[in-house]
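Given next are the chains, with one letter for each unit.
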Amino acid sequence: MHPVVSIVLQRLALGLMTLFFVSVIIFMAIEMLPGDFTQAVLGQAATEETVAAFRRELGLDQPAYIRYVQWVGGVVQGDFGTSFSGRASSGVDRSREVVDLIAPRLANTLFLAGITAVIAVPLALALGITAALWRGSLYDRAVNATTLSTISMPEFFVAYVLILFLGSLYPVFPSLANVSAETPFWERLYRCALPALTLTLVIVAHMMRMTRAAIINLLASPYIEMARLKGLSATRVILFHALPNAWAPIVNVIAFNLAYLIVGVVVVEVVFVYPGIGQLMVDAVTTRDIPVVQACALIFAATYILLNLLADIISIVTNPRLLHPR
Amino acid sequence: MSTEGNRAELLLAMRGVRIDGFADERWHEIIKGVDLTLHKGEVMGLIGESGAGKSTLGLAAMGFARPGCRISGGEIVFDGIDLMRASERQKQRLRGSRIAYVAQSAAAAFNPAHTLLDQTLEATVRHGLRSREEAERDARALYAAMDLPDPDTIGDRFPHQVSGGQLQRAMTAMAMASRPDLIIFDEPTTALDVTTQVNVLAAIRKAVKEFDTAAIYITHDLAVVAQMADRIKVLRYGEEVEEAPTGEMLSNPRHPYTRSLWAVRSIRKPGETSADRVLEIDRVTAAYGTVDVLHNISIGLPRGKTVALVGESGSGKSTAARVVTGLLPPRRGEVRFDGVALPADLKGRTKEQKRRIQMIYQMADTAMNPRQTVREIIGRPIAFYHGLRGREVERRVERLLEQIELDGSFADRLPGELSGGQKQRICIARALAAEPEVIICDEVTSALDQIVQEGILKLLMRLQKDHGLSYIFITHDIATVEAIADEVVVMLQGRVVEQGLKEEIFAPPHPEYTELLLSSVPEMEAGWLERAIARGEGGRVLDRLAEGDRERPSPR
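No experiment lies behind these values; they were computed from the predicted model shown. (Residues numbered from 1 in each chain as written. Chains lettered and ligands numbered in written order. Predicted model: local features only at pLDDT ≥ 70, side-chain atom pairs only at ≥ 80, totals over all residues. Heavy atoms only, no water.)

A. Quick peek at the overall build of chain B. A count of helical and extended segments in chain B gives 21 helices and 20 strands. On the principal axes, the C-alpha backbone points of chain B span a range of 70 × 55 × 45 Å. Here chain B holds 556 residues, and the buried ones make up 55% of them. Surface exposure of chain B reaches about 23200 Å², of which carbon and sulfur atoms provide 48%. Here chain B contributes 73 positively and 80 negatively charged side chains, and the mean placements of these two sets differ by 4 Å. (Helix = DSSP H or I, 4+ residues; strand = E, 2+ residues; numbered from the N terminus. Buried < 20%, exposed > 50% of the residue type's maximum accessible area, 1.4 Å probe, protein only. Areas by Shrake-Rupley, 256 points an atom, 1.4 Å probe, with all protein chains shown as cover. Lys, Arg positive; Asp, Glu negative; His and termini not counted. Charge placed at Lys NZ, Arg CZ, Asp CG, Glu CD.)

Here it is as structure tokens:
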């Protein structure tokens, strides 16, 4: 078997193991959360019997490890359980499957993350490469200063500034990004413009700076000097000789930022009233809707693990030492 | 070879070249008005110590200054083109087409991300000299001319899949690809083992002759330059010392500095032995992970004498040192000190056992904490092993500095404020501070210039006499061995090939490998290379010895 394949399989197995450990941690963390769903729903006036009956109905009377096994067993089969919300003391059960609850929200989040990535990643790479090419120039300094200031501002502030200028003073884009499953693609794109722009401004700096640093780091290498002494143009030296050796750190930062786009954008979602998974999780925490919180946390963990795995694999594949062993 | 027969037209004229380097917030002149003229097809040898400005001058011949350097004055005219006034674009057109460069470490100068072939033909194709197909065909022909194995397919390999000597030859092929008028060879064999060096030198010589290319050959090894150059120029502190045709320079150097360069190889002490062994390595087998790198070796160190471990990189010399110091517990066998077996692992040894064996490393730079003063560096083992404090330590440090021929003012300096030779002296003082009986010297002079080397070797010999020290001297440099060793141990691939008194080892008859090792060491007289090549190519002997896996990729 080619060594790269075995390394990839190894990493994949390692990723699954990590996910398993994370599931244990998530479960334990939620166990330790103060407060109780039944009491939160039934209120202080509830009698002990009703509380006990309700707990039994939800399965909360079982010991923790049994509930954990049931949960993980379900997850493995794609069943994340049933949401607690919608149940009430009235006894009418309007609760929904966690999957049905999360799926549309996750789709929205992935859509926003997707369009942001499509804008931000090429932009960051282009800025980073050109800044490295003309390092020390006015352009380089301008790019650095701009990206640094956008990352230094809190994201909600960036969002409000954009709303002020592009939503209010010059109403080019809508300030609210309320989309639903029925919204057609172009309409959806139009409504997501401001949140996507906000997120782009937030993540470009990281990736651009790493691209620039990774390339400049290599410019002192003997093989770069050799390339220059072969009479190659500066562009060729950077694109053909420096960049192929700089992928590993760049890809890692990209993966990190993409993960952030999926798991960390709740503030932006709130500002633009965007129905993403971040808001869903925050709501679920306040109502102590444990199955939803667990499912969200697990999805977030899986996102991180998957993206980092992908970054690792790309680093390996771009390393000729691993790709072409002796 | 001869200049007389070939009074060809002028190719390169450098007059009064001045180059500045930026350091400590200001510009310093590092080349102070050097002239250099080169005719077509001529090979000029440029020698001098490190820091003499050889590489800087060589690169200036391409109109190139490294980042942090600038060409501040003089004239550089290449075949009628004034490189001082030429635009960057004009110079780019020359580089890689009419002037080519061969770097010191091919392993570092080849881009790890691309195949050899892609890099070999890159300049030729980008400059529009040949089509890609033509260039590929030509590259294969050049690989064959450089005696590279599998010339048709070696180009498809990546640099890490090829050995150091092969890479260096591939780089010469790369420089040849555009059939340049001038090639700058910047210490192309310094990073190689002697046995590999012969083949690379032969390949370079052949290429330069065949294509009638002019060359500037930069090196600090006199014997090498004697084989390669028509004329030799000696540089020191960025100034020319003297220049003469090779034969004349070898037989009759005029300047005292040049003569001192020649004289370095003159230290030689007779080898002595003694039956009293202070240290014995007894049938040791050691491994990194599961791979055995030492196979059942036995080496004895006579008290007060020097045993030199010689061999190429990867022969297990340094590993043997790691076993002695306890850094690498052996899998089998033991190390005895004064007849008593030492605990295999460093953790099991007492402070007293550790004190008696000290170590000096090749890179004095990295062996010292850059933020500690010399006083702290030398003072630490004094306090640690002898429990001294305050004024006592102070006095000892001063005494040690005196022993290594440095005055007391050095105690307050940081390593960054010392020269290479001074740094190595501090490392010697640090080892002495423990008052050891055995010192392991791991390539301690390899990174130093000839004259500095001589000083260090003399110091080590004097300290040996004064303190009755025993040395294990690890080196790949045969000249150093001839200078300092009593006994010699020749190692090859983790095995001891031969050991005994220096005079016996160096006198024929030799085992095959020792013969190869000794005959590969360049000698100063002209014509040595031809004879070495004629004697049969070193590579073949090695191949037979190691059944083909000798030239394996070099670890980087």
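Next comes the rest of the description.
B. Representation of the overall build of chain A. Regarding its fold elements, chain A presents 16 helices and zero strands. Along the longest, intermediate and shortest principal axes, the C-alpha atoms of chain A span 85 × 60 × 35 Å. Across the 326 residues that make up chain A, the buried fraction comes to 45%. Sequence-distant contacts in chain A: of pairs separated by 6 or more residues, those separated by 24 or more amount to 71%. Charge-centre separation for chain A: the mean point of 20 positive side chains lies 17 Å from the mean point of 19 negative side chains. (Contact = heavy atoms within 4.5 Å.)

C. Main features of the sheet that holds strand 8 (residues 214-219) of chain B. Residues and elements named next belong to chain B. The sheet built from six strands is open, its strands ordered 6-7-8-3-9-10 with mixed pairing. Unpaired on one side and paired on the other, strand 6 (99-102) and strand 10 (239-245) mark the two borders of the sheet. Adjacent strand axes in the sheet meet at a mean angle of 15°, parallel and antiparallel pairs treated alike. By the bridge criterion, six bridges tie strand 9 (residues 231-236) to strand 10 in an arrangement that is antiparallel. Paired with Arg 231 across the bridge in strand 10 is Pro 245. (Pairing = 2+ DSSP bridges. Axes fitted to C-alpha atoms, helices over the stretch in contact; angles between N-to-C directions.)

D. Seen up close, the packing of aromatic side chains. Taken as a whole and assessed by the stated rule, the structure comprises 13 aromatic pairs over all chains. Considering the side-chain rings of Phe 185 of chain A and Trp 186 of chain A, the 5.1 Å spacing of their centres and the 80° angle between planes classify their relative orientation as edge-to-face. Note on Trp 186 of chain A: relative accessible area 65%, which makes it exposed. Ring geometry for Phe 256 of chain A against Tyr 304 of chain A: centres 6.3 Å apart, planes inclined by 65°, an arrangement best described as edge-to-face. Of the two residues, Phe 256 of chain A is situated in helix 12 (residues 247-263) and Tyr 304 of chain A in helix 15 (residues 290-317); the sequence distance between them amounts to 48 residues. For Phe 256 of chain A, a relative accessible area of 44% corresponds to the partly exposed category. Exposure remark for Tyr 304 of chain A: the relative accessible area of 28% places this residue in the partly exposed category. Directly above the aromatic system of Phe 211 of chain B lies the positively charged group of Arg 179 of chain B, at a separation of 4.5 Å from the ring centroid. Its end group placed over the ring of Phe 410 of chain B, Arg 413 of chain B keeps NZ or CZ at 4.2 Å from the ring centre. (Phe/Tyr/Trp six-rings, centres within 6.5 Å; stacked < 30°, edge-to-face > 60°. Lys NZ or Arg CZ within 6 Å of the ring centre and 35° of its normal.)

E. The packing of helix 5 (residues 98-133) of chain A against helix 12 of chain A, seen in detail. Residue and element names in this part refer to chain A. Two elements in contact, helix 5 and helix 12, have axes separated by 9 Å at closest approach and are oriented at 150°. One element, helix 5, and the other, helix 12, form an angle in the roughly antiparallel class. For the element pair helix 5 and helix 12, the recorded crossing hand is right-handed. Across from Thr 109, Leu 110, Ala 113, Thr 116, Ala 117, Val 121 and Leu 125 in helix 5, the residues of helix 12 making contact are Trp 247, Ile 250, Ile 254, Leu 258, Leu 261 and Ile 262. (Parallel < 35°, antiparallel > 145°, perpendicular 65-115°, else oblique. Left-handed = near helix turned anticlockwise from the far one by under 90°.)

F. Expanded view of the domain arrangement of chain B. All names here are of chain B. When cut into domains, chain B gives domain 1 (10-266) and domain 2 (277-369 + 436-521). A separation of 35 Å is found between the C-alpha centroids of domain 1 and domain 2. Taken together, the contact between domain 1 and domain 2 spans 12 residues of the former and 12 residues of the latter. Taking both partners together, domain 1 and domain 2 bury about 1300 Å²; carbon and sulfur atoms supply 54% of that area. On the surface where domain 1 and domain 2 come into contact, there are zero salt bridges. Applying the counting criterion to the domain 1 and domain 2 interface returns zero residue pairs in polar contact (both at pLDDT 80 or more). Among the elements of the structure, helix 7 (194-210) and helix 10 (256-263) are those that each provide at least two residues to the side of domain 1 that touches domain 2. Tallied by class, residues from the side of domain 1 that touches domain 2 come to five nonpolar, four polar and three charged. (Domains from an automatic or database assignment. Buried area = accessible area lost by both parts, 1.4 Å probe. Salt bridge = Lys/Arg side-chain N within 4 Å of Asp/Glu carboxyl O. Polar contact = N/O pair within 3.5 Å; in protein donor to acceptor, adjacent residues only side chain to side chain. Nonpolar A, V, L, I, M, F, W, Y, C, P; charged D, E, K, R; others polar.)

G. Just the layout of surface pockets, in detail. All names here are of chain B. Roughly 590 Å³ of volume is contained in the second largest pocket. Around the second largest pocket, the lining comprises 20 residues; the ones closest to its centre are Ile 357, Gln 358, Met 359, Tyr 361 and Tyr 385. Taken together, the elements giving at least two residues each to the lining of the second largest pocket come down to helix 11 (317-325), helix 12 (351-356), strand 16 (357-360), helix 13 (374-386) and helix 15 (420-433). The greatest single-element share of the lining of the second largest pocket, amounting to five residues, is contributed by helix 13. Its residues placed into classes, the lining of the second largest pocket shows 12 nonpolar, four polar and four charged. (1 Å grid on protein atoms, 1.4 Å probe; cavity = no way out; pocket = protein on both sides within 12 Å on 5 of 7 lines; lining within 4 Å. Points joined across faces, edges and corners; volume = space filled by probe spheres on them.)

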